[in-house]
Structures are given as structure tokens and as C-alpha cells.
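Residues per chain are reported as follows:
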Amino acid sequence: EQAAGELRAELRVLTPAEINDGGEQLRILRREVEGETDVVIIAPADPAGLDRALREEAVRQPVVSMESALAAGKVTVAPDNRALGQALGEAVIEDGAGDGFVLLVSASPETAGVTDRLAGAAEALAAAGTREREVSIADGGEGLKTLMKHPDLSAVLVLEPLLTEQAAAIKVGLGLAVPLYGVGVTAEGASYLQQGVISAAAAWSDFAAGYLAVEAAVCLSRGEECRTELLPFFIVRGEDVYEPAYQKLLFPVTA
């Protein structure tokens, strides 16, 4: 919204009723591109399906993709997800939490960004001789509770922000001691980090991501070539959350 205001662009934010509902997201997209929308900014719920639709339906509007790259998109705004996964895997090793086996959990393994995080984390763990098990789970319910109670589990590494918060809530609710590592830092996530419920999280500035996406969209609406650098990410721990440098990135205050 700040970028749109500063760049004098009209911004409409539309979301599916259900998280990760690729079908509804595609229906919203089809409706919008039939109107006066000049550029679409989207965080793909179903990257493969969306990519196919963009190609087959010859959508005229340029697309800015967040989180996961789209072959049919013009610009991607995201961190280096493979490197992010590697950094999280290395954090597990540094903490000595790889003695049993490490559970790698995702809810959207078909999403390119998540797939890259999984691959990077598995690579880092394998290089250290740590056993890992990759699990895709539909939600943070009973299935995740059962997995997190496994007796040989030495760490849980969650590759998506919402699932990270759900895993933290489960850990607290069950009184588990297993080290937990995740992605993204919200106000709730920061509290979990400070309490030591989450040992470390990989994060980037969502404010910067949103600003860059709108900036790219405005550039494309003018018919200009636009390239966006990879978003920098960082590994944050409980003692770091409220340091000024991290606060500015995680919880920016805008006028």
C-alpha cells in the first residue's frame, strides 16, 4: 500500500477464502484479467496449474510472482529458497540437533519455493550425515501432533510460515522439548522465538517483498523491462528478535 501510494498506482488486494486454494485463486485471476487490470501480482497457490493456465489462456497482462517463480511470469520477488533451506539445515547442525532424525515438514510441496527450501535443507543435513524424513501435511492438526511426538525425533524443520506457527502451538500444547526450526517471523512467531519454542527461523522483510512487487508491477505497466534482485534473508533467534536491525526488517513502521 505504501508503494502504491508513492508510485500513484491503484492497488486491489484479493484473496481466496481458503488458504492455498489454487482453483479459486485462478478463478479470481480470470475475472480480474477480463477487466481493466494492467498487471497481476500473485503468490501462486498452485504454481504448475497457474503457469499452465497463463500459457494456455494467453493472459495479456504481465505477472509478478511472489514466493515461487512462474515460467510464464515476468518478474519473481522471492529470496533464494534453496540457500534459505540450506541455512536452516545448517542451523540445526550448529545446534547439535541432528543426532536422531530431522523431520522436514511442508504443506505445499508442489510449490517451487517450498520444494527448493526442502531440497536445500535436505542437502545441508545429508552433508553432515544427519538422517532426515520429508513429510507433506495438509494442515497443522492431529497428523502433525503425531509426527512431532516420534521418540527418535531430534528436530523439526518446518518450511512454511503458517505451518511454523501451528507447529509451535502444538509444541507448547503438548509440552514437547524437540527443537523446532521454521520460516517467517510474525508477531506471534517472534513471541515463540523469544520463549525458545522456536530455536531459529529463516526470515525476510515482507514489507520489502511487497514494495518491490508493486514497484515491478508499475515498471511493467509502463512497458519497461524490469528485473528484481533476490530478497536477502537471515536466520533469527530469540535473542535477536528485538534488536533494532531485525525489528526494522520484521516489523517496519510506516507513515
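J.: Can you lay out the packing of aromatic side chains for me, pointing to particular residues and giving the numbers?
T.: The final tally for this structure, using the stated rule, is 1 aromatic pair. Considering the side-chain rings of Phe207 and Tyr211, the 6.2 Å spacing of their centres and the 40° angle between planes classify their relative orientation as tilted. Here Phe207 and its partner Tyr211 are both found in helix 9 (residues 206–221), 4 residues apart, which amounts to about one turn of the helix. Judged by its relative accessible area of 34%, Phe207 falls in the partly exposed class.

J.: Tell me about the sheet that holds strand 2 (residues 63–66), and please be specific about residues and values.
T.: In any sheet, the strands associate via hydrogen bonds between backbone groups, in a parallel or an antiparallel arrangement. What the 3 strands build is an open sheet, ordered 1-2-3; its pairing is parallel. Edge positions in the sheet fall to strand 1 (40–42) and strand 3 (75–77), since each of these pairs with one other strand and no more. Strand-to-strand, the axes of this sheet are offset by a mean angle of 20°, without reference to chain direction. Pairing of strand 2 with strand 3 involves 3 bridges; the strand directions are parallel. Its bridge partner lying in strand 3, Met66 is registered against Val77. The strands that helix 9 touches are strand 1, strand 2 and strand 3; relative to strand 2, the one it contacts most, it runs at about 165°.

J.: Could you give an account of the sheet that holds strand 8 (residues 200–203), with specific residues and numbers?
T.: Taken in spatial order, the 6 strands make up an open sheet running 5-4-6-7-8-9, and their pairing is mixed. The strands lining the two open edges of the sheet, one partner per strand, are strand 5 (131–136) and strand 9 (234–236). The average angle at which neighbouring strand axes cross in this sheet is 20°, direction not considered. Relative to strand 8, strand 7 (residues 180–183) runs parallel, the two being bridged by 3 bridges. Note on strand 8: the bridge partner recorded for Val183 is Ala202. Here helix 4 (residues 81–94) sits on the sheet in contact with strand 4 (101–106), strand 6 (153–158), strand 7, strand 8 and strand 9, set at roughly 165° to strand 7. Contacts from helix 7 (residues 161–174) reach strand 4, strand 6 and strand 7 within the one sheet, and its direction differs from that of strand 7 by about 155°.

J.: Give me the pattern of salt bridges: which residues, what numbers.
T.: Two side chains that carry opposite charge are able to pair once their charged atoms sit near each other. According to the stated counting rule, one finds 7 salt bridges in the structure shown. Asp51 is the partner of Arg55 in a salt bridge, and the nearest nitrogen-oxygen pair spans 4.0 Å. Here Arg55 pairs with Asp51, and both are found in helix 3 (residues 47–56), just 4 residues apart, close to one helical turn. On the basis of relative accessibility, which here comes to 53%, the residue Arg55 falls in the exposed class. For Asp95, the salt bridge goes to Arg237, with nearest N and O atoms at 2.9 Å. Placement of Asp95 in the loop between helix 4 and strand 4 and of Arg237 in the loop between strand 9 and helix 10 (244–250) is noted, with a sequence separation of 142 residues between them. With relative accessibility at 18%, the residue Arg237 sits in the buried group. Salt bridges linked by common partners bring Arg12, Arg31 and Glu32 together as one network.

J.: Tell me about the packing of helix 7 against helix 8 (residues 187–195), residues and numbers included.
T.: Close contact between helix 7 and helix 8 brings their axes to 10 Å; oriented N to C, the two are set at 45°. One element, helix 7, and the other, helix 8, form an angle in the oblique class. Viewed along their axes, helix 7 and helix 8 form a crossing whose handedness is left-handed. For the pair formed by helix 7 and helix 8, the contact residues are Glu165, Ala168, Ala169 and Val172 on the first element and Glu188, Gly189 and Tyr192 on the second. For the contact of helix 7 with helix 8, the residue count by class is 4 nonpolar, 1 polar and 2 charged.

Calculation criteria
Residues numbered from 1 in each chain as written. Predicted model: local features only at pLDDT ≥ 70, side-chain atom pairs only at ≥ 80, totals over all residues. Heavy atoms only, no water. Phe/Tyr/Trp six-rings, centres within 6.5 Å; stacked < 30°, edge-to-face > 60°. Helix = DSSP H or I, 4+ residues; strand = E, 2+ residues; numbered from the N terminus. Buried < 20%, exposed > 50% of the residue type's maximum accessible area, 1.4 Å probe, protein only. Pairing = 2+ DSSP bridges. Axes fitted to C-alpha atoms, helices over the stretch in contact; angles between N-to-C directions. Contact = heavy atoms within 4.5 Å. Salt bridge = Lys/Arg side-chain N within 4 Å of Asp/Glu carboxyl O. Parallel < 35°, antiparallel > 145°, perpendicular 65-115°, else oblique. Left-handed = near helix turned anticlockwise from the far one by under 90°. Nonpolar A, V, L, I, M, F, W, Y, C, P; charged D, E, K, R; others polar.

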